[in-house]
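Here is what each chain is made of, one letter per residue.
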Amino acid sequence: MTPTAEQTTEKLIEVTPKAISKIRDAFAKQGVSGGLRLGVLGGGCSGLSYQFKFDTKPRATDHVFDYGDVHVWVDPKSMLFLKGMILDYKESLMQSGFEFINPNASKSCGCGTSFSS
């Protein structure tokens, strides 16, 4: 981690134990190290879409969240839309995947990957 990255102890974003386990599994499967970058991009059927990707290191202005050996990085602009969000992992007979529970979203699309605030 770069010394200028903001280390956030208060969990402005919650990642559930099940999601942490799945993130850890994905890192191992892909053979990558670093952290998970969460963000928001313009686009998607509701106006904004979630960004969810592996990254090697945090940027100097990122909010840094540590969940044991799993690191989550969020840029300041995205934090405006993600503050208070819960990242969970759901499994059912019909589908499984990460779920974004975002109190800032006034409306979401059916697939759950885009929203408007």
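First things first, this report covers the structure right here in the doc. The structure presented is a predicted model; accordingly, all values stated were derived computationally and were not measured.

One open sheet holds the three strands; their spatial order is β2-β7-β8, and the pairing between them is mixed. Each of the sheet's edge strands pairs with one partner strand only, and the pair in question is β2 (14-15) and β8 (96-101). As defined by bridge partners, strand β7 (residues 86-91) adjoins β8 across six bridges and the pair is classed as antiparallel. Among the inter-strand pairings, D88 is bridged to a residue of β8, identified as E99.

Per the stated rule, a full pass over the model turns up seven salt bridges. The closest approach of N and O atoms between K90 and D88, which form a salt bridge, is 3.3 Å. Between E99 and K90 there is a salt bridge, with the nearest N and O atoms lying 4.0 Å from each other. When salt bridges that share partners are traced, they join K18, K22 and E91 into one network.

Counting buried residues along strand β6 (residues 70-74), four of its five residues qualify, which places the element largely inside the surrounding structure. Note: strand β3 (residues 35-42) against β6, three bridges, orientation parallel. Each residue of the ladder has a partner; that of R37, found in β6, is W73. Of the strand pairs in this sheet, strand β5 (residues 63-67) and β6 are connected by five bridges, and their pairing is antiparallel. Paired with Y67 across the bridge in β6 is V70. Hairpin geometry of β5 and β6 is characterised by an intervening segment of two residues between the two adjacent antiparallel strands and by a positive phi of about 65° at G68.

Throughout the structure, instances matching the rule amount to five aromatic pairs. Plain terms: the ring middles of F27 and F54 are 4.4 Å apart, the flat faces sit at 80° to each other, and that makes the pair edge-to-face. Note that F27 is positioned in helix α1 (residues 17-30) and F54 in strand β4 (residues 48-55), a separation of 27 residues in sequence. When the centroid spacing of 4.7 Å and the interplanar angle of 45° are considered together, the rings of F52 and F98 count as tilted.

Formed by 23 residues in total, the largest nonpolar core has its most connected members in I13, V15, L38 and L87. Contributions of two or more residues to this core are made by α1, β3, β4, β5, β6, α2 (76-82) and β7. Examining the composition of this core, we find that four residues originate from one element, α1, more than from any other. If sequence neighbours within four positions are ignored, V15 has contacts with I20, I23, Y67, V72 and L87.

Exposure remark for F27: the relative accessible area of 11% places this residue in the buried category. Here the alpha-carbon distance between F27 and F54, two residues 27 residues apart in the chain, equals 8.1 Å. Discounting chain neighbours no more than four positions away, the residues touching F27 are V32, S33, G34, G35, L36 and F54.

Criteria and cut-off values
- Residues numbered from 1 in each chain as written.
- Predicted model: local features only at pLDDT ≥ 70, side-chain atom pairs only at ≥ 80, totals over all residues.
- Heavy atoms only, no water.
- Pairing = 2+ DSSP bridges.
- Helix = DSSP H or I, 4+ residues; strand = E, 2+ residues; numbered from the N terminus.
- Salt bridge = Lys/Arg side-chain N within 4 Å of Asp/Glu carboxyl O.
- Buried < 20%, exposed > 50% of the residue type's maximum accessible area, 1.4 Å probe, protein only.
- Phe/Tyr/Trp six-rings, centres within 6.5 Å; stacked < 30°, edge-to-face > 60°.
- Core = buried A, V, L, I, M, F, W, Y, C linked by side-chain atoms within 4.5 Å.
- Contact = heavy atoms within 4.5 Å.

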